[in-house]
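Spelled out from the first residue to the last, the chains are:
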Amino acid sequence: MKYSIFSTLLILIVASCFSQSYNSKAIEITNNLNANYQNVTGTKIKMLAPSGFVKSTDYNGFSHKIAGSSIMVTELPGDVNRNFLGFDKKSLFKTGVIVDKTTFYRINGFDAMLIEGKQSAYNRVYTRIMLVIGDIYRSYLISASVLSTASEKHKSEVKESLLSVIYDPDASANIFDRFDFSVNVSGTILKPGNLMLSSLTYTDDGNVPSKTKDKTSFMVRKQTAINPLSDTDKKTLCIKLFDLYPLEWTEDMSREPKPVTIGGLSGYEIYSMGKNKDLYKMELIYQMVLFSGQDYYVISGITFGDFENNLMMFKKVANTFKPIK
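Residues numbered from 1 in each chain as written. Predicted model: local features only at pLDDT ≥ 70, side-chain atom pairs only at ≥ 80, totals over all residues. Heavy atoms only, no water.

How should the overall build of the protein chain be read in this particular structure?
Looking only at helices and strands, the protein chain has six helices and 21 strands in total. Its C-alpha atoms give the protein chain a radius of gyration of 22 Å, within 12% of the compact-globule value 20 Å for 325 residues. For the protein chain, the spread of C-alpha atoms along the three principal axes comes to 65 × 55 × 40 Å. For the protein chain, buried positions account for 46% of its 325 residues. Of the contacts made within the protein chain by residues no fewer than 6 positions apart, 54% connect residues no fewer than 24 positions apart. Of the roughly 17400 Å² that the protein chain leaves accessible, carbon and sulfur atoms contribute 55%. (Helix = DSSP H or I, 4+ residues; strand = E, 2+ residues; numbered from the N terminus. Rg over C-alpha atoms; globule rule 2.2 N^0.38 Å. Buried < 20%, exposed > 50% of the residue type's maximum accessible area, 1.4 Å probe, protein only. Contact = heavy atoms within 4.5 Å. Areas by Shrake-Rupley, 256 points an atom, 1.4 Å probe, with all protein chains shown as cover.)

Honestly, the sheet that holds strand β2 (residues 38-39) in this entry has me stumped. Any pointers?
Strand pairs in the sheet, formed through backbone hydrogen bonds, run parallel or antiparallel to each other. Taken in spatial order, the three strands line up as β2-β3-β11 in an open sheet, and their pairing is antiparallel. Across the chains shown, the open sheet's two edge strands, defined by having one partner strand only, are β2 and β11 (166-167). Where β2 and strand β3 (residues 45-47) come together, two bridges link them in antiparallel fashion. Across the sheet, residue glutamine 38 finds its bridge partner in β3, namely methionine 47. (Pairing = 2+ DSSP bridges.)

What should I look at first to understand the pattern of salt bridges in this one?
Oppositely charged side chains may form a pair once their charged atoms are brought near each other. Across all of its chains, the model carries ten salt bridges by this definition. The residue glutamate 157 makes a salt bridge to lysine 153 at a minimum N-O spacing of 2.7 Å. Taken together, the residues span about one helical turn, with glutamate 157 and lysine 153 both in helix α4 (residues 152-163) at a distance of four residues. Residue lysine 315 pairs with glutamate 269 through a salt bridge whose shortest N-O separation is 3.3 Å. On the criterion of sequence distance, the pair formed by lysine 315 in helix α6 (residues 307-318) and glutamate 269 in strand β18 (residues 265-276) is long-range, its members being 46 residues apart. When its relative accessible area of 8% is taken as the criterion, glutamate 269 is described as buried. (Salt bridge = Lys/Arg side-chain N within 4 Å of Asp/Glu carboxyl O.)

What am I meant to see in the sheet that holds strand β4 (residues 54-55) here?
Strand order in this open sheet of eight strands is β1-β7-β8-β9-β10-β6-β5-β4, and the pairing throughout is mixed. On the outer flanks of this sheet lie β1 (27-29) and β4, each paired with one strand and no other. Two strands pair when backbone bridges link them, and strand β8 (residues 110-121) and strand β9 (residues 124-134) are joined in this way by eleven bridges, in the antiparallel orientation. Within β9, the residue paired with isoleucine 115 across the bridge is methionine 130. α4 rests against β1, β5 (61-64), β6 (69-77), β7 (97-107), β8, β9 and β10 (138-147) of the sheet, and its axis sits at about 15 degrees to β9. (Axes fitted to C-alpha atoms, helices over the stretch in contact; angles between N-to-C directions.)

Would you take a moment to explain the pairing of strand β14 (residues 199-203) for this structure?
Across a regular strand the side chains alternate sides, sitting on one face of the sheet and then on the other. Most of β14 is tucked away, with five of its five residues classed as buried. Residues Ser199, Thr201 and Thr203 line one face of β14 and the alternating positions Leu200 and Tyr202 line the opposite face, and both faces are buried. Pairing of strand β13 (residues 191-192) with β14, which is carried by two bridges, proceeds in the antiparallel orientation. Looking at β14, one finds that lysine 191 is bridged to threonine 203.

I would appreciate a short explanation of the side chain of histidine 64 in the present structure.
Here histidine 64 shows up in strand β5. Under the relative-accessibility criterion, histidine 64 is labelled buried at 16%. There is a polar contact of 3.1 Å between the side chain of histidine 64 and the backbone nitrogen of alanine 67. Histidine 64 has contacts with Ser51, Gly52, Phe53, Ser69 and His154, leaving out every residue within four places of it along the chain. (Polar contact = N/O pair within 3.5 Å; in protein donor to acceptor, adjacent residues only side chain to side chain.)

I keep staring at the nonpolar core and nothing clicks. Help me out?
Most often, soluble globular proteins keep nonpolar side chains buried together rather than apart. Within the largest apolar cluster, 27 residues are counted, with the highest numbers of intra-cluster contacts made by Val183, Phe218 and Phe321. Those elements giving two or more residues to this core turn out to be β14, β15 (217-224), β17 (258-262), β18, β19 (282-292), β20 (295-303) and α6. In terms of residue count, α6 provides more of this core than any other element does, five residues in total. Not counting chain neighbours up to four residues away, the residues in contact with valine 183 comprise Leu200, Tyr202, Phe218, Val220, Val317, Thr320 and Phe321. Judged by nonpolar contacts, the second largest core, of 26 residues, contains Tyr105, Tyr140, Val146 and Val158. (Core = buried A, V, L, I, M, F, W, Y, C linked by side-chain atoms within 4.5 Å.)

For this particular structure, what's the right way to read the side chain of serine 300?
Mapped onto the fold, serine 300 is located in strand β20. A relative accessible area of 2% places serine 300 in the buried class. Sequence-distant contacts of serine 300, that is, excluding residues within four places in its chain, are made with Ser217, Phe218, Met219, Tyr245, Tyr286 and Gln287.

Laid out in structure tokens, this is it:
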């Protein structure tokens, strides 16, 4: 108990000292709302989109498909000052981002940190520009990716867009507005997750990841195929997605995809159990994939316990899936 209290106090002291050190260096910015500002759906963030950028249909943010650039907005739980600590050079290096420069700001009175660097992905090099902003209750990460070969004017416009941010903690925002689909979890143990990136996420305790013994979670995400998918491609995709889980599958359980039609969309359902290769525990995986043109929705349920009841719950909730038009 004493160690736990000491650790908590130490974290608070480090965060406080860190906050005081950068506040003296922070650049003050005042952004004034005008008709050109766009609300980022389901958030308390407004910003000016750079030239040529439009609201993305694949993620929460903006995209410039011709330039291959993107700006993604993600909500992070917790105090912004603590979250700054998770974006140091060493932590970002582990994700493949090489940090060139970090600058602290006070934007409309809220603490913010701008990170500039580079990252290699898909045999290309990208300029990464990230802004973390918020208060003691919540934070937002605004993350931009721009091809390193893009013009300096384009990169500058993206950076200016991030710094144009207006965070309004009093603004009304419904996190579920980010998604063009819904599921009904009423009457189940599932609670909305405290962290939703590109997936609609529920867990048995509301934490992401769950802190319970069973660590039960249920997620729905939308993706888009690069090319049109044939019926054979769709079935193959479902199998490949399922096989990504690090499990030694139970041999006496079939993993053959079963055709389903839910919410007017057709697709496949698979579920099986196996031993998690990393945790050495038995785990149940449920997956349903539904197709709409080149878009597809991946519905997945994961649990380490109460397998029979949780499987029934996963099936029940998956069958409530509805696309929102």
